[in-house]
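As a plain string of letters, each chain reads:
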Amino acid sequence: MKSCFLFLLLSFLLASCGTLDVFEKAVTFNKHEWKTSEKPSFTFTIKDTSALYNIFVVIRHDDAYHYNNLWLNVGTQAPKDTIVSQQMEITLANNTKGWLGSGIDDVFEQRIKITRSPIPLKQGDYHFTLQHIMREDPLPFVLSAGIRVEKVQP
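Below or above, wherever it landed, is the structure these notes cover. Treat the numbers as computed from the prediction; the structure is a model and nothing was measured. (Residues numbered from 1 in each chain as written. Predicted model: local features only at pLDDT ≥ 70, side-chain atom pairs only at ≥ 80, totals over all residues. Heavy atoms only, no water.)

1. Notes on the layout of surface pockets
Stated formally: Method remark: on a 1 Å grid restricted to protein atoms, a set of points is classed as a cavity if a 1.4 Å probe fits but cannot get out and as a pocket if it is open with protein on both sides within 12 Å along at least five of seven lines; lining residues have an atom within 4 Å of a point. Grid points are joined across faces, edges and corners, and a volume is the space filled by probe spheres set on the points. Numbering of helices and strands starts at the N terminus; helices are DSSP runs of H or I of at least 4 residues and strands are runs of E of at least 2. Classes in brief: Ala, Val, Leu, Ile, Met, Phe, Trp, Tyr, Cys and Pro nonpolar; Asp, Glu, Lys and Arg charged; the others, Gly included, polar.
Its boundaries defined by the atoms lining it, the largest pocket holds a volume of some 260 Å³. Residue lining of the largest pocket: 15 residues in total, with I55, T76, Q86, I119 and F128 positioned closest to the centre. Taken together, the elements giving at least two residues each to the lining of the largest pocket come down to β5 (69–77), β6 (84–91), β11 (119–120) and β12 (124–132). Looking at the lining of the largest pocket residue by residue, the class counts come to 9 nonpolar, 5 polar and 1 charged.

2. Notes on the pattern of salt bridges
Going by this rule: Whenever a carboxyl oxygen of Asp or Glu lies within 4 Å of a side-chain nitrogen of Lys or Arg, that contact is scored as a salt bridge.
Inspection of every chain in the model, using the stated rule, returns 7 salt bridges. The closest approach of N and O atoms between K122 and D81, which form a salt bridge, is 2.9 Å. Remark: D81 occurs in the loop between β5 and β6 and K122 occurs in the loop between β11 and β12; sequence separation between them is 41 residues. A salt bridge links R148 to E150; its shortest N-O distance comes to 2.7 Å. Three or more residues are tied together by salt bridges with common partners; here these are D21, E24, R111, R148 and E150.

Structure below.
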């Protein structure tokens, strides 16, 4: 009993070091095809302005995905600001290692940091939209796309 409690306590302490999840949500695509007309939208609220945050795009795809990369339009709206849209190339694989994300069977997931370093965020609601801008439409073998926000612990 005592060793079980110690194991749980140690696991909790190790898991809490480094980052704290603030938000993570993904949208799944019907028939595993992402159409350019589908623009998943995500909203989360920031309350702690003293912390720094990392923001990620989360992509889950099948092993049959045709490309090593994914081009996205990422729309961001901070509290009381206008929407800022930027094009991003997300690298999902390379010729040396193959798929870069973690995988089980033929499904791979990758969290790609879209902030270069931890950043401060203003208090309030943030809105993100994702849209693929690949030439193939619909884009086959993409299961889901999402946003993840982590609070960096000091």
